[in-house]
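A structural walkthrough
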Amino acid sequence: MRWLALLLVVPLIACESRVIVSRSPSPQPSATSTGTPAVSASPTPSPSPTKAPLRPIPSFTPATRLVSYHLQTDIPNIPTPLFLLTDDGRVISEDASGQLVQRKLTPAGAAAIVLQAIETGLFERDASYGREPKPGTTPPARGYTAMVFLVANGPREVRVSAEPSGQPDDEMYVPSATRDKLTALARSYDDLSWVPASHWAEQTPLPYRPAFHRLFLLAQSAAPPPSSPNADALWPFLAPIDSVGEPMGGTLWRCLVLIDEDASALARAAIFPLYKAGSRVAEATLARGAGSMRLHISPLLPHEPASCAGASPPPY
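These lines cover the structure that appears in this document, whether it is placed above or below. (Residues numbered from 1 in each chain as written. Predicted model: local features only at pLDDT ≥ 70, side-chain atom pairs only at ≥ 80, totals over all residues. Heavy atoms only, no water.)

1. So, the sheet that holds strand β2 (residues 83-86)
As summarised here, the arrangement of the eight strands in space is β5-β7-β6-β1-β2-β3-β4-β8, forming an open sheet in which the pairing is mixed. On the outer flanks of this sheet lie β5 (127-129) and β8 (200-207), each paired with one strand and no other. The sheet shows a mean angle of 15 degrees between the axes of neighbouring strands, direction not considered. Examined bridge by bridge, strand β3 (residues 90-94) and strand β4 (residues 100-105) share five bridges and lie antiparallel to one another. Bridge assignment links Val91 to a residue of β4, and that residue is Arg103. Contacts from helix α2 (residues 107-118) reach β1 (65-73), β2, β4 and β6 (145-153) within the one sheet, and its direction differs from that of β6 by about 120 degrees. Its contacts with the sheet put helix α3 (residues 177-190) on β1, β2, β5, β6 and β7 (156-162), and the angle it makes with β6 is roughly 80 degrees. (Pairing = 2+ DSSP bridges. Helix = DSSP H or I, 4+ residues; strand = E, 2+ residues; numbered from the N terminus. Axes fitted to C-alpha atoms, helices over the stretch in contact; angles between N-to-C directions. Contact = heavy atoms within 4.5 Å.)

Here it is as structure tokens:
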């Protein structure tokens, strides 16, 4: 089970997507038979990539979240659901490689998933269930990990969190039927093979391709890593890289929402060469002037508005 490994070690890996530009040695003038250096033609400059305008964000109505589940730890991060069900039947989950995949349930299948959570009796109100040490025990200090569920119960969205059961040091804590029940619910979202074939409208998982992406940008005075390419040279849009987006209150980050085609342009420009359908996140640090420019991109999920309002920039 993927999340169980996270309970022991939750590394924070800020993977920076960089393009290494190889530099060939400068050609040396060759000597003729008389010892006179040969005259070489001036190199023809390479044409700059054609830059395009950023496309406007069309108006649209986000889907409604019915059920989602993610992990919360004591290490700051931007949580991404391990399971998400929206009111149009779309199911976004994680495959074995950690990529986001999409399927679609029938209306009956979506209702069954919601009912499964409601019937636990644990989603009548917001609640949090931690672990209680047994009397006379002093469990060793460890990192904190909790399962977080958001479930639509009528007009309300109920948030319930719990530390999962089944951890190696569980014998030092008071047993909890509630945490056991929520742990079983999370496991059912991790592996959907139990869902009847008749409940699927589209059963084969396909890489999740979002309609919109959220891009964060941060200008830094610190020098970039060696061999970092130039931000202005790679930036594929007409608007300068330091002028796009809106300021994020209380931080130096700026935020910009892109349609999928413009996000793909960043991948083609080798800013995020590995970012594609199914990717959770990509980062890059590029050279700019005497400093650097950090970029962080992630897909918007079907229930998220195409906006930076209320978004949290990278915490690291």
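2. Examining the state of the cysteines
Here the structure, examined in full by the defined rule, presents one disulfide. Across the disulfide, Cys255 is cross-linked to Cys308 (sulfur-sulfur distance 2.0 Å). Across the S-S bond of Cys255 and Cys308 the torsion is about -80 degrees, and the bridge reads as left-handed. Linking Cys255 in strand β11 (residues 254-259) with Cys308 in the segment after β13 (291-299), this pair joins segments that are 53 residues apart in sequence. Judged on exposure class, the residue Cys255 and its partner Cys308 are both buried. (Disulfide = S-S within 2.5 Å. Buried < 20%, exposed > 50% of the residue type's maximum accessible area, 1.4 Å probe, protein only.)

3. Remarks on the packing of aromatic side chains
Under the counting rule described, the total for this entry stands at nine aromatic pairs. Both rings, one in Phe83 and one in Tyr189, keep their centres 4.4 Å apart while their planes meet at 5 degrees; by these two values the pair is stacked. With Phe83 in strand β2 and Tyr189 in helix α3, this pair connects stretches of sequence that are 106 residues apart. Each of the two residues, Phe83 as well as Tyr189, counts as buried. Among the aromatic residues, ring-to-ring pairing joins Tyr69, Phe83, Phe123, Phe149 and Tyr189 into one connected group. Sitting over the face of the ring of Tyr173, Arg131 holds its NZ or CZ atom 3.7 Å from the ring centroid. (Phe/Tyr/Trp six-rings, centres within 6.5 Å; stacked < 30°, edge-to-face > 60°. Lys NZ or Arg CZ within 6 Å of the ring centre and 35° of its normal.)

4. Quick word on helix α5 (residues 260-268)
If you check which residues of α5 are buried, you get Asp260, Asp262, Ala263, Ala265, Leu266 and Ala267. Tucked inside the fold, the buried residues of α5 contact β9 (212-220), β11 and β13. Note on α5: the residue one or two positions beyond its end, Ala270, has a positive phi of about 70 degrees.

5. Focus on the packing of α2 against α3
The interhelical angle for the contact between α2 and α3, taken along N-to-C directions, is 160 degrees, at an axis separation of 11 Å. It follows from the interaxial angle that α2 and α3 lie roughly antiparallel. For the element pair α2 and α3, the recorded crossing hand is left-handed. Mapping the contact onto sequence places Ile113, Gln116 and Ala117 in α2 and Leu185, Ser188 and Tyr189 in α3. Considering only residue class, the contact of α2 with α3 consists of four nonpolar, two polar and no charged. (Parallel < 35°, antiparallel > 145°, perpendicular 65-115°, else oblique. Left-handed = near helix turned anticlockwise from the far one by under 90°. Nonpolar A, V, L, I, M, F, W, Y, C, P; charged D, E, K, R; others polar.)

6. Notes on the nonpolar core
One finds Val67, Tyr69, Phe83, Leu85, Phe123, Phe149 and Tyr189 to be the most contacted residues of the largest nonpolar core, which totals 29 residues. Of all the elements in the fold, those that place two or more residues in this core are β1, β2, α2, β6, β7 and α3. Setting aside residues no more than four positions away along its own chain, Val67 makes contact with Phe83, Leu84, Leu85, Ile113, Val114, Leu150, Val151 and Tyr189. With 22 residues, the next largest nonpolar core counts Ile241, Ile271, Leu295 and Ile297 among its residues. (Core = buried A, V, L, I, M, F, W, Y, C linked by side-chain atoms within 4.5 Å.)

7. Quick notes on the pattern of salt bridges
If you walk through the whole model with that rule in mind, you get 14 salt bridges. Measuring nitrogen to oxygen at the nearest pair gives 2.2 Å for the salt bridge that ties Arg55 to Asp262. Highlighted residues: Arg55 in the loop between α1 (2-8) and β1 and Asp262 in helix α5, separated in sequence by 207 residues. A salt bridge links Arg131 to Asp169, with the nearest nitrogen and oxygen atoms 3.0 Å apart. In this pair, Arg131 sits in the loop between β5 and β6 while Asp169 sits in the loop between β7 and α3, placing the two residues 38 residues apart along the sequence. When its relative accessible area of 12% is taken as the criterion, Asp169 is described as buried. One network of salt bridges, with partners in common, ties together Arg131, Arg142, Glu163, Asp169 and Asp170. (Salt bridge = Lys/Arg side-chain N within 4 Å of Asp/Glu carboxyl O.)

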